[in-house]
Amino acid sequence: MANRTVEVELSTSGLDAQGRPQRVPLMSGDGGAPIDVMPHEAMEPELAGDHMLINIGPQHPATHGVLRLVLELDGETVVRCIPHVGYLHCGFEKIGEYRQYNQIIPWTDREDYLNSIGNNVAFALGAERLFGIEITERCTVLRVIAAELSRVISHLVWLGTTCIDIGAFTPFLWAFQERENVYNLLEGWVGARLTTSATRVGGMAADIPSGWMDGLQQFIRNFPQTLDEIDRMLTKNAIWVGRTIGLGVMSPEEAINWGLSGPMLRASGVAYDVRKDFPYLDYETYDFDVPVGTNGDVYDRFLVRMEELRQSIRILQQAADRLPDGPVNVDDARVILPPKSKATSEMESMIHHFKQVMEGPRPPAGESYVAVESPKGEKGYYMVSDGTSKPVRWRIRPPSFINLAAIPKMVEGHLLSDVIAINASIDIVMGEIDR
Amino acid sequence: MTEKFDIVTAGSAATDGVAPATQRNIPHRGGAANPSATALATRFPGSVLRTDVVWGETTVMVARADVLAIMQWLHDEPSERYDYLSDVTAVEYRDFDQPIEVVWHLRSLPFRRFLRVKTQLEKNKELEVASVWGIWKAADWMERECYDMFGIRFTGHPDLRRILMWEQYKEGYPLRKDFPLRGRFSRAEQLRQALSQNPEAKYSMEELSIADAFEDLPEEMRKRLGAGERTGE
C-alpha cells in the first residue's frame, strides 16, 4: 500500500502553503494602517438573511451539456440545489424495443458519446449472454483494448474540461492532443472516430488492420510522458489543490448508499471496481491496481482518475503483448453473417445472409444484466427477450445519472464557485443521463 | 499537508478473499442459485413466489405487499448485506395480459453477490409499489425515472415527479407498450407543445418558495404566473 504525500509546490499570492485562500487585510494608500472595513451586514442590512435564487444552465459551458441547476444561495453559500435533467431525452430505450440487437449498437455510441466503443463492448457482452455465446480469445483481448482506450479518452476529456472549469487552460490542450491520437487509432480500426459501432453480437465489425498495433505501442510509449507533465502541472499546484480539496465530500457509507460508482465511489475509499469484483473479458488475468481515495473529495477523484489512466496503460500493454491470432468472430451461424464472397456465390449462404439481415438473430427467451466498469462507473445493460429478434426491454443503467443524483447533497454548504468544481468532478455526460 | 492515497491490488470491496473470475459457458436455465434466494425463501416463506436462474443470474419474484420488508431485510441482515442498489426499472411485456414487472438489481459488495428482485403489478389495478428510497438513497432518481416512463407510483418516495419529461407532458408514459414509437400526437402538435413549454424559463413552486425569488423574476414572467399559468416541473 503506497501513500502519497502532497506538498504544494507553487505558492501563489492570496493562498497559504496549504492552498487555502488567505485573508489579506486591505491596506490604505499610504502603506500604513489597514483600512477599517465594515462587515457586510452592517453596510447593507437589508441583504442579510435574504436568500437568492440562481439558475445555471441548461446552456452553460460549465454544466458539461444541457444540465440545469437551480440554486438557493445565502450570500455565496449554496443552501439548496435542485437539478433539472431531460433536455437531451431521445428515448433510446424505447427505440431499442423496435430494433434488432445489432441495430441497437449504433444507439449505444450515442448515449455516453465519450465512451462509445466501451458502450459497444458492454452492449455486445450483454447481448451475448442473452444468446449464450462465448466469444473468441482474440475478440476478448481486442475488446479489452477497445474498452481501455475508451477509458483513456473519457478520462482525458474529463481532465481537460475540469481544468477549464477550474481555470487551468494548458492541461486541456495536452489532454485533447493525446485524445486525438486515440481517435486516430480508432479511426484506423473501425473507420469512425466518435460513433464507432465497433462490436457485433458474437464478435467485432472488423479485425485490426496490419500495423495497427505499432500505433498502439507508440501511444503506450508516449502517453505516460504527457500524463507526467499534467501530473507535474496540477497535482501539487497550489491553485488546483486549493480549488479541489475538501469539496463535495462523500463518506464511504454515503457513497454506497447513494449508488455512486466508478471513480466517484473509489475516491470515497470503497474499492469496488466491476473489473475486479464481477470480472468480465478475463480482467481477472490482467495485472492492474485499483486506486482508492481516502477523503472522497474532488481532489481525490482527480487523483483516482489520474491513476486509472496509468493503470489503463498497463492493461493496454498487457493486452497488446498477449493478443492471440485466430478468428475474431465466433463460429455461430445464428448471429454471424457468412463471408461476403460466399454470400454472392452460394445459394445457401445468400439465403442465410438474407434471413440474418431481414429477420435478425433471435435469442432464447430470458433476461440478462451485464455491468461493466465504464469510465463513469458501473454501466449496466439489462435486456429482456421474449424469443423474438427484438428485445422486449432494453435498459441502460446510466452511471452518470445516478452519480449526478447526489449533487444536491454534495454542493450543500459550499460556495457557488465550488458548485462548478463539484459538478465537474462527477464526470457527467448528458447524453447518458437523458438517453 | 499530507494526503493519503491508496492503491489496492485487488478489488477489496469484498472481504471473503475468494478470487472472482469471468463467467464462462453459462447455462440458459438452471445452475447454482444465489444462496440469498434460499435464505429469503426461508425467512419470508409466503412472499417469495418463485426463484429462477436464467443465464446464471438469480431472479426472485416476490409478493408486492412485502417488497419493503424484504428489501429492508436484504439490506440489514448481516449474512446478506445487499448494500448497493444497482438499478430500479420496470418491464412491460408485449403480451398485453402479462403484468408489468418492477425490477431491482441488488449487489452485496461484501459478499460479491448479485440478486434480481422482481414483483408484478396487475395492469387493471393501481400501479403502485413501495419505494425503497428509505433504504437506498440511490433509488431517488431511478424511481422518478421509472414513474416518468411507466407511470408506476412508488409510495413513500419523497419527491415523485417526472424527471426526463417535463411536468406538463400530456402524452402519457413513453415506455409503456401502448405508447406509439412516434408519440400520441402528430409531429406538428408535438412541436407546438414543445415550443410553448419553454421549460428552462420556469421554476417549480418549491423553487419559488425560496424567499423573495418571485420578486426577482422578470416582469413578463411574474405577469404570466400571476395570470395563473402553471409553472414548469
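Residues numbered from 1 in each chain as written. Chains lettered and ligands numbered in written order. Predicted model: local features only at pLDDT ≥ 70, side-chain atom pairs only at ≥ 80, totals over all residues.

Overview of the overall build of chain A
Okay, step 1: Scanning chain A from N- to C-terminus turns up 18 helices and nine strands.
Okay, step 2: Across the 435 residues of chain A, 52% fall into the buried class. (Helix = DSSP H or I, 4+ residues; strand = E, 2+ residues; numbered from the N terminus. Buried ≥ 20, exposed ≤ 12 C-beta atoms within 10 Å, placed from the backbone.)

Details of the overall build of chain B
Okay, step 1: Of regular secondary structure, chain B possesses seven helices and eight strands.
Okay, step 2: Relative to its 233 residues, chain B shows a buried fraction of 35%.
Okay, step 3: Contacts in chain B between residues at least 24 apart in sequence constitute 53% of all its contacts with a sequence separation of at least 6. (Contact = placed C-beta atoms within 7 Å.)

Here's the deal with the sheet that holds strand S3 (residues 77–84) of chain A
All names here are of chain A.
Okay, step 1: Taken in spatial order, the three strands line up as S1-S2-S3 in an open sheet, and their pairing is antiparallel. The open sheet terminates on both sides in strands that have one partner only, identified here as strand S1 (51–56) and S3. Neighbour-to-neighbour, the strand axes of this sheet turn through a mean angle of 20°, independent of strand direction.
Okay, step 2: Two elements, S1 and strand S2 (residues 68–74), share six bridges in a ladder whose sense is antiparallel. If you follow Leu-53 over to S2, its bridge partner there is Glu-72.
Okay, step 3: The sheet strands contacting helix H17 (residues 416–426) are S2 and S3, and the helix crosses S2 at an angle near 145°. (Pairing = 2+ DSSP bridges. Axes fitted to C-alpha atoms, helices over the stretch in contact; angles between N-to-C directions.)

Looking at the sheet that holds strand S7 (residues 366–374) of chain A
Residues and elements named next belong to chain A.
Okay, step 1: Taken in spatial order, the three strands make up an open sheet running S7-S8-S9, and their pairing is antiparallel. For this open sheet the edge positions go to S7 and strand S9 (393–397), each flanked by a neighbour on one side alone. Mean inter-strand twist for the sheet, computed between neighbouring axes without regard to direction, equals 10°.
Okay, step 2: Relative to strand S8 (residues 377–385), S7 runs antiparallel, the two sharing nine bridges. The residue of S8 that forms the bridge with Tyr-369 is Tyr-382.
Okay, step 3: Those strands touched by helix H4 (residues 116–131) are S7 and S8, and its axis lies near 155° from that of S7.

What to know about the nonpolar core
Okay, step 1: In this structure, A:Leu149 and B:Leu85 are the most contacted members of the largest nonpolar core, which totals 166 residues.
Okay, step 2: At 15 residues, helix H5 (residues 137–166) of chain A tops the list of elements feeding residues into this core.
Okay, step 3: Setting aside chain neighbours within four positions, we find A:Leu149 in contact with A:Ile117, A:Val182, A:Leu185 and A:Leu186. (Core = buried A, V, L, I, M, F, W, Y, C linked by C-beta atoms within 7 Å.)

Examining the confidence of the model for chain B
Okay, step 1: Confidence in the prediction for chain B averages 82 pLDDT; 79% of positions are at 70 or higher.
Okay, step 2: Under the prediction, the complex receives an ipTM of 0.83, its pTM being 0.85. (pLDDT = per-residue confidence, 0-100.)

A few points about the confidence of the model for chain A
All names here are of chain A.
Okay, step 1: Residues at a pLDDT of 70 or more form 89% of chain A, whose mean pLDDT is 85.
Okay, step 2: Mean pLDDT across the secondary structure elements of chain A bottoms out at helix H1 (residues 40–43), with 46, and peaks at S8, with 93.
Okay, step 3: Low confidence marks residues 1–5, where pLDDT is under 50. Its contacts with residues over four positions away, or in another chain, come to seven contacts.
Okay, step 4: This model gives residues 34–43 a pLDDT under 50, and the stretch forms eight contacts once residues within four places in sequence are excluded.

Overview of unusual backbone geometry
Okay, step 1: Although it is not a glycine, A:Asp427 sits at a positive phi angle of roughly 60°.
Okay, step 2: On the neighbour-count criterion, A:Asp427 (27 C-beta atoms within 10 Å) is buried.
Okay, step 3: Even without being a glycine, B:Arg81 presents a positive backbone phi close to 50°.
Okay, step 4: In this fold, B:Arg81 is placed in the loop between helix H2 (67–76) and strand S4 (84–91).

Things to note about the packing of helix H7 (residues 212–234) of chain A against helix H12 (residues 298–322) of chain A
All names here are of chain A.
Okay, step 1: At a minimum axis distance of 10 Å, the contact between H7 and H12 shows a crossing angle of 160°. In this view, H7 runs roughly antiparallel relative to H12, as classed from their interaxial angle. Pair H7 / H12 crosses with left-handed handedness. In this structure, H7 contributes Met-213, Leu-216, Gln-217, Ile-220, Phe-223, Pro-224, Leu-227 and Asp-231 to the contact, and H12 contributes Met-306, Leu-309, Arg-310, Ile-313, Leu-316, Gln-317 and Ala-320.
Okay, step 2: Tallied by class, residues from the contact of H7 with H12 come to 11 nonpolar, two polar and two charged. (Parallel < 35°, antiparallel > 145°, perpendicular 65-115°, else oblique. Left-handed = near helix turned anticlockwise from the far one by under 90°. Nonpolar A, V, L, I, M, F, W, Y, C, P; charged D, E, K, R; others polar.)

A look at the environment of B:His75
Okay, step 1: Counting through the fold element by element, B:His75 comes out in helix H2.
Okay, step 2: Setting aside its immediate chain neighbours within four residues, B:His75 contacts B:Tyr82, B:Asp83 and B:Ile135.

Remarks on helix H14 (residues 347–358) of chain A
In an α-helix, one turn spans 3.6 residues, which is why side chains three or four residues apart end up on the same side.
Okay, step 1: With 12 residues, H14(A) ought to run about 16 Å at 1.5 Å a step, and its terminal C-alpha atoms sit 16 Å apart, in line with that.
Okay, step 2: Taken across its 12 residues, H14(A) has one buried, putting it largely on the surface. (Expected span 1.5 Å × (residues − 1).)

Brief notes about helix H6 (residues 170–190) of chain A
Residues and elements named next belong to chain A.
Okay, step 1: The end-to-end C-alpha distance of H6, which contains 21 residues, comes to 31 Å, matching closely the 30 Å that a straight helix rising 1.5 Å per residue would cover.
Okay, step 2: All buried positions along H6 are accounted for by Pro-171, Ala-175, Glu-178, Val-182, Leu-185, Leu-186, Trp-189 and Val-190. Down the axis of H6, the buried side of the element spans an arc of 115°, and every buried residue falls inside it. With respect to the buried face of H6, the exposed residues turned more than 90 degrees away are Thr-170, Leu-173 and Gln-177.
Okay, step 3: Contacts made by the buried residues of H6 are with H4, H5 and H7.
Okay, step 4: At the C-terminal side of H6, Gly-191 shows a positive phi close to 90°. (Arc of directions from axis to C-beta.)

Description of the environment of A:Asn55
Residues and elements named next belong to chain A.
Okay, step 1: When you line up the elements, Asn-55 lands in strand S1.
Okay, step 2: The partly exposed category is assigned to Asn-55, around which 16 C-beta atoms lie within 10 Å.
Okay, step 3: For the pair formed by Asn-55 and Pro-263, sequence separation is 208 residues and the distance between their alpha carbons is 28 Å.
Okay, step 4: Once residues lying within four places of it in the same chain are set aside, the contact partners of Asn-55 are Arg-68 and Val-70.

Some words on the pairing of S2(A)
Residues and elements named next belong to chain A.
Okay, step 1: Burial within S2 is extensive, with five of its seven residues counted as buried.
Okay, step 2: Both S2 and S3 contribute to a ladder of seven bridges, which runs antiparallel. Looking across to S3, one finds that Asp-74 is bridged to Thr-77.
Okay, step 3: Here S2 folds back onto S3 in antiparallel fashion, the turn holding two residues, of which Gly-75 has a positive phi close to 65°.

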